[in-house]
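Residue-level listing of the chains:
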Amino acid sequence: MNATLTRTWSAILFDLDGTITDSAPAITSSLARTFTLLGRPVPSAAQLLAYVGPPMFDAFQEYAGMTPAEAVEAIAVYRAEYHGAAALDTAVFPGVAGLLERIHAAGIPLALATSKPELSAIAILTHFDLAKYFTATVGASADDTRSNKADIVAEALARLAATGVDTGGAVLVGDRSYDAIGAQANGIPAILVEWGYGSPAEAEAATAVVHSTDQLRKLLLG
């Protein structure tokens, strides 16, 4: 095992979609309605799944071939569709809530670092009674000036540091290459979980990959 992953962590950052919550059904159904409202062909279910994880601004351009202006318009429509009860039509992956509780009980500060809009992320954590475990919750800003994963991770680390948390031994847990790249940009390792939405090829950017919450617990808590 990599020595980097046998240490005691001073802080742990978690992604949300595909890591804590199985949110793909809610996101893809909202995306399908978005494409319909925009008068565009609706991508296949497999194609829509690729949108779960990366910033929507990037996803609409990369996967739908939109211009930046079109992507901004699409985001506005999508967020109107993915709102309130629709955003809460999701589930916490088995074993994850218990792991977050154990990390919190061990005294290791937790932060959420997600490309989902911050207010939506807070609502989801609150809905599942998970917000109490997190010292900081960071998502995309309302105006999308902060949507890149590297910027979101940087903001999460900054908010932790502002509360006195030592971020020198932080690690990020996610499911997509975007998570690993965002962690790498901030000089911290990334553990990717196989129960999320990433492809095997995306694991190449990670420091480690786990297939179960038990494996993840061992890497995070020993």
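Residues take numbers from 1 onward in each chain, read along the sequence in its written order. Residues qualify for local features only when their pLDDT is at least 70, as the model is predicted, and side-chain atom pairs are given and counted only at 80 or more; totals for whole chains, interfaces and linings, by contrast, use all residues. Note: side-chain values were computed over all heavy atoms of the structure, leaving out hydrogens and water.

**Observations regarding the domain arrangement of the chain**
Using the following cut-off: A domain assignment, automatic or from a database, supplies the domain bounds used here. Whether two residues are in contact is decided by their heavy atoms, any of which lying within 4.5 Å being enough. Two parts placed together each lose some accessible area; with a 1.4 Å probe, that loss summed over both constitutes the buried area. Salt bridges, as used here, are contacts in which a Lys or Arg side-chain nitrogen is within 4 Å of a carboxyl oxygen on Asp or Glu. Put simply, DSSP H or I for four residues or longer makes a helix, DSSP E for two residues or longer makes a strand, and each gets a number counted from the N terminus. Nonpolar residues are Ala, Val, Leu, Ile, Met, Phe, Trp, Tyr, Cys and Pro. Charged residues are Asp, Glu, Lys and Arg, and all others, Gly as well, are polar.
When the domains of the chain are assigned, the result is domain 1 (9-19 + 92-219) and domain 2 (22-86). The interface is formed by 16 residues belonging to domain 1 together with 15 residues belonging to domain 2. Between domain 1 and domain 2, the buried area comes to about 1300 Å², and carbon and sulfur atoms account for 49% of it. Considering only the side of domain 1, the residues that lose the most area to domain 2 are Arg176, Tyr178 and Tyr197, jointly responsible for 41% of the buried surface there. Where domain 1 packs against domain 2, one counts zero salt bridges. By residue number, the principal contributor to the side of domain 1 that touches domain 2 is strand β4 (residues 110-117), which donates three residues. In the side of domain 1 that touches domain 2, the residues fall into seven nonpolar, five polar and four charged.

**A few points about the nonpolar core**
It is characteristic of soluble globular proteins that their nonpolar side chains tend to be buried jointly. Defined as follows: The definition of a nonpolar core used throughout is a set of buried Ala, Val, Leu, Ile, Met, Phe, Trp, Tyr and Cys residues joined through side-chain atoms within 4.5 Å. Buried residues are those whose accessible area, probed at 1.4 Å on protein chains only, stays under 20% of the maximum for their type, while exposed residues exceed 50% and partly exposed ones sit between those limits.
Counting 48 residues, the largest nonpolar core has Ile12, Phe14, Phe60, Leu216 and Leu220 as its most contacted members. With five residues, the single largest contributor to this core is helix α1 (residues 24-37). Apart from residues no more than four positions distant in its own chain, Phe14 is found in contact with Thr19, Ile20, Leu100, Ile103, Leu110, Ala111, Leu112, Ala113, Phe134, Val173, Leu216 and Leu220. Membership of the second largest hydrophobic core comes to 20 residues, among which are Leu13, Ala111, Val153 and Leu157.

**Some remarks on the side chain of Asp15**
In plain terms, the rule: Here a polar contact is taken to be a pair of N or O atoms separated by no more than 3.5 Å, where protein atoms must pair a possible hydrogen donor with a possible acceptor and residues adjacent in sequence count only if both atoms sit in side chains.
Mapped onto the elements, Asp15 comes out in the loop between β1 (11-14) and β2 (21-22). In this structure Asp15 comes out as buried when scored by relative accessible area, which is 3%. Among the polar contacts made by the side chain of Asp15, one reaches the side chain of Thr19 at a distance of 3.0 Å. There is a polar contact of 3.0 Å between the side chain of Asp15 and the side chain of Lys149.

**What to know about helix α3 (residues 56-64)**
Note that an α-helix has 3.6 residues per turn; residues three or four places apart therefore point the same way. Where we set the bar: Regarding the arc, it is the one traced by the directions from the helix axis to the C-beta atoms.
Considered for burial, the residues of α3 that qualify are Met56, Ala59 and Phe60. On an axial view of α3, the arc spanned by its buried residues comes to 95 degrees, and they lie on one face. Note on α3: the residue one or two positions beyond its end, Gly65, has a positive phi of about 70 degrees.

**Here we look at helix α7 (residues 149-162)**
What counts, and what does not: Multiply 1.5 Å by the residue count of a helix minus one, and that product is the helix's expected span.
Its 14 residues place the ends of α7 20 Å apart at the C-alpha level, agreeing with the 20 Å of an ideal helix rising 1.5 Å per residue. Residues of α7 that are buried include every one of Lys149, Ala150, Ile152, Val153, Ala156, Leu157 and Leu160, and no others. Looking straight down α7, one finds that the buried residues subtend no more than 165 degrees of arc, so they occupy a single side. Looking at the buried side of α7, the elements it contacts are β1, β4, β5 (136-140), β6 (170-174) and α8 (177-185). Where α7 begins, the side chain of Asn148 points an oxygen toward the backbone nitrogen of Ala150, at a separation of 2.8 Å. Within two residues after α7, Gly164 carries a phi angle of roughly 95 degrees, on the positive side.

**Considering the side chain of Thr21**
Within the secondary structure layout, Thr21 lies in strand β2. Given a relative accessible area of 1%, Thr21 falls into the buried group. Those residues in contact with Thr21, other than ones at most four positions away along the chain, are Leu16, Thr90, Ala91, Val92, Phe93, Ile124 and Tyr197.

**Thoughts on the sheet that holds β1**
Let me state the cut-off plainly: Strand pairing follows a simple DSSP-based rule, namely that at least 2 bridges must link the two strands. For helices, the fitted axis covers only the stretch in contact; all axes are lines through C-alpha atoms, and the angles between them, taken along N-to-C directions, range from 0 to 180 degrees.
The strand order β5-β4-β1-β6-β7-β8 describes an open sheet built from six strands, whose pairing is parallel. Each having just a single partner strand, β5 and β8 (208-210) make up the two edges of the open sheet. If you compare each strand with its neighbour and ignore which way they point, the axes differ by 20 degrees on average. Here three bridges tie strand β7 (residues 190-193) to β8, and the two strands are oriented parallel to one another. From the neighbouring strand, Ile191 faces β8, where its bridge partner is Ala208. Contacting β6 and β7, α8 crosses the sheet at an angle of about 170 degrees to β7.

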